[in-house]
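# Structure assessment
Spelled out from the first residue to the last, the chains are:
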Amino acid sequence: MRVIIRKTYEEISKEAANLVKSRIEKKPDLVLGLATGSTPLGLYKELIRMNKENLISFKRVKTFNLDEYYGLSGDHPQSYRYFMNTNLFDHIDIDKSNTMVPDGTAEDWEEFCRYYENQIKKAGGIDLQVLGIGSDGHIAFNEPGSSLSSRTRLVALDAQTIEDNSRFFQDKSQVPRFALSMGVGTILEAKEIILVANGKNKAYAIAQAIEGPVTSLISASALQMHQRVTFFLDEQAASELKRVNYYKFVEEAEKKIGKEIF
Ligand code: F6R
């Protein structure tokens, strides 16, 4: 695992965007897994800037989002489809028909989840997955206790997640209680993963995910089982890590050999 720590959110957003850019340069038809929430906004802003300045193109890129609130249609302002359109897709040269977000209105959600997994397979699998992390250690909507081999499915949202996400709704009662979400097993099949985290309220989850035991109680800890993961953390999110000196040492070593060390 690579752990990149910087002072500010702006710096980690830029570094994460540079990694995405380098992967698109290598593979212009990259299959990119995307997250919503406040964390990736800085990264998306940077990707939009790079696209506007003709430094990268999304013309051949295909995207799959991690999750969607169940019960919200794509034109609902709090739906993740709406979020992705307004915060990224509407501002870059991507073909919208190449952007996939789980359908929160699918009546037969079991059938839809099978279809979504199949679409990912048909695309050749996810090349690079972007993740945020919940304050309880969740990735996508894999709440504590989710099987580490779970697949795309309907999940009941944890009280903590409903509380955390209520800031986007008029009041807590409006936060959907269910979501369709890729499973931890689905995420682990991505060929490469980056996780971005900032702020003190992520420090515990980050310390558990990187240095704690692998446990379904912190779904992000399953990333320890993956061979190509990079964490981009601001100093606050990294503040409970014990091995910061080692992560810095590895970064220096990377500079010396001019290669990423996972
Ligand atoms: C959203 C998602 C969630 C968020 C997490 C952190 O698609 O997958 O796991 O990444 O809840 O959310 P923020 O970034 O708002 O703190």
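Residues numbered from 1 in each chain as written. Predicted model: local features only at pLDDT ≥ 70, side-chain atom pairs only at ≥ 80, totals over all residues. Heavy atoms only, no water.

### Quick notes on the overall build of the chain
Let me state the cut-off plainly: Secondary structure follows DSSP: runs of H or I at least 4 residues long count as helices, runs of E at least 2 residues long count as strands, and numbering of each begins at the N terminus. Atoms counted for the radius of gyration: C-alpha only. Globule rule: 2.2 Å times the number of residues to the power 0.38. Between two residues, a contact is recorded if the distance between any of their heavy atoms is within 4.5 Å. Accessible areas in this description were obtained via Shrake-Rupley with a 1.4 Å probe; residue shielding takes into account the shown protein chains only. The sign given to each residue is positive for Lys and Arg and negative for Asp and Glu; His and the chain ends receive no count. A charge is said to be at NZ when it belongs to Lys, at CZ for Arg, at CG for Asp and at CD for Glu.
Counting its secondary structure elements, the chain contains eight helices and 10 strands. Rg of the C-alpha trace for the chain: 17 Å, near the compact-globule value of 18 Å for 262 residues, within the 12% margin. Reported as C-alpha extents along the three principal axes, the dimensions of the chain are approximately 55 × 40 × 35 Å. Once local pairs closer than 6 in sequence are excluded, the contacts in the chain between residues at least 24 apart make up 78%. Summed over its atoms, the accessible surface of the chain is roughly 12000 Å², and 50% of this surface lies on carbon and sulfur atoms. Treating the 34 positive side-chain charges of the chain as one cloud and the 36 negative ones as another, the clouds have centres 6 Å apart.

### Regarding the packing of aromatic side chains
Our working rule: Two rings belonging to Phe, Tyr or Trp (six-membered ring only in the last case) form a pair when the distance between their centres is within 6.5 Å. Interplanar angles under 30 degrees mark stacking, angles over 60 mark edge-to-face geometry, and anything in between is tilted. For the exposure calls, accessible area comes from a 1.4 Å probe over protein chains only, and a residue counts as buried if that area is under 20% of its type's maximum, exposed if over 50%, partly exposed in between. We call a charge positioned over a ring when the NZ of a Lys or the CZ of an Arg lies within 6 Å of the ring centre and within 35 degrees of the ring normal.
Inspection of the entire model under this criterion finds nine aromatic pairs. Taken together, a centroid distance of 5.8 Å and an interplanar angle of 45° make the contact between Phe112 and Tyr115 tilted. Residue Phe112 and its partner Tyr115 are located together in helix H4 (residues 109–122), separated by three residues, close to a single helical turn. Pairing Tyr246 with Tyr247 gives two aromatic rings, centres 6.4 Å apart and planes at 65°, and the pair type is edge-to-face. Here Tyr246 falls in the partly exposed class, since its relative accessible area comes to 42%. One aromatic cluster is present, formed by Phe64, Phe112, Tyr115 and Tyr116 through successive ring pairs. Geometry around Phe262 places Arg2 over its ring, the cationic atom sitting 5.6 Å from the centre.

### Comments concerning the environment of Lys14
Positionally, Lys14 belongs in helix H1 (residues 9–26). The class of Lys14 is partly exposed, set by a relative accessible area of 45%. Between the C-alpha atom of Lys14 and that of Leu43, which follows or precedes it by 29 residues, the distance is 6.3 Å.

### Re helix H3 (residues 80–87)
Where H3 is concerned, the buried positions are Tyr80, Arg81, Phe83, Met84 and Asn85. Buried residues along H3 sit in contact with strand S2 (31–34), helix H2 (41–52), strand S3 (62–65), strand S4 (67–69), strand S5 (99–100) and helix H5 (159–165).

### With respect to the side chain of Thr36
Relative to the elements of secondary structure, Thr36 occurs in the loop between S2 and H2. A residue is classified by how much of its surface remains accessible, and Thr36, at 12% relative accessible area, is buried. If sequence neighbours within four positions are ignored, Thr36 has contacts with Asn65, Asp67, Tyr80, Phe83 and Met84.

### With respect to the pairing of strand S8 (residues 178–181)
What counts, and what does not: Strands were regarded as paired on the criterion that DSSP finds at least two bridges between them.
Of the strand pairs in this sheet, S4 and S8 are connected by three bridges, and their pairing is antiparallel. Pairing of Glu68 across the sheet is with Leu180, part of S8. Pairing analysis gives four bridges linking strand S7 (residues 153–156) to S8, with the strands arranged antiparallel. If you follow Leu154 over to S8, its bridge partner there is Leu180.

### Thoughts on the sheet that holds strand S6 (residues 128–131)
Strand pairing in a sheet takes place through backbone hydrogen bonds and is either antiparallel or parallel in direction. Applicable threshold: Here an angle of 0 to 180 degrees is reported between the N-to-C directions of two axes, which are lines fitted to C-alpha atoms, with helices fitted over the stretch in contact.
Pairing is parallel across the open sheet formed by seven strands, whose spatial order is S1-S10-S9-S6-S2-S3-S5. The open sheet has two free edges, formed respectively by strand S1 (2–6) and S5, since each of these has just one partner strand. In terms of strand pairing, S3 meets S5 through two bridges, oriented parallel. Note on S5: the bridge partner recorded for Phe64 is Met100. Running over the sheet, helix H7 (residues 203–211) touches S1, strand S9 (192–197) and strand S10 (229–234) and is turned about 155° from S10.

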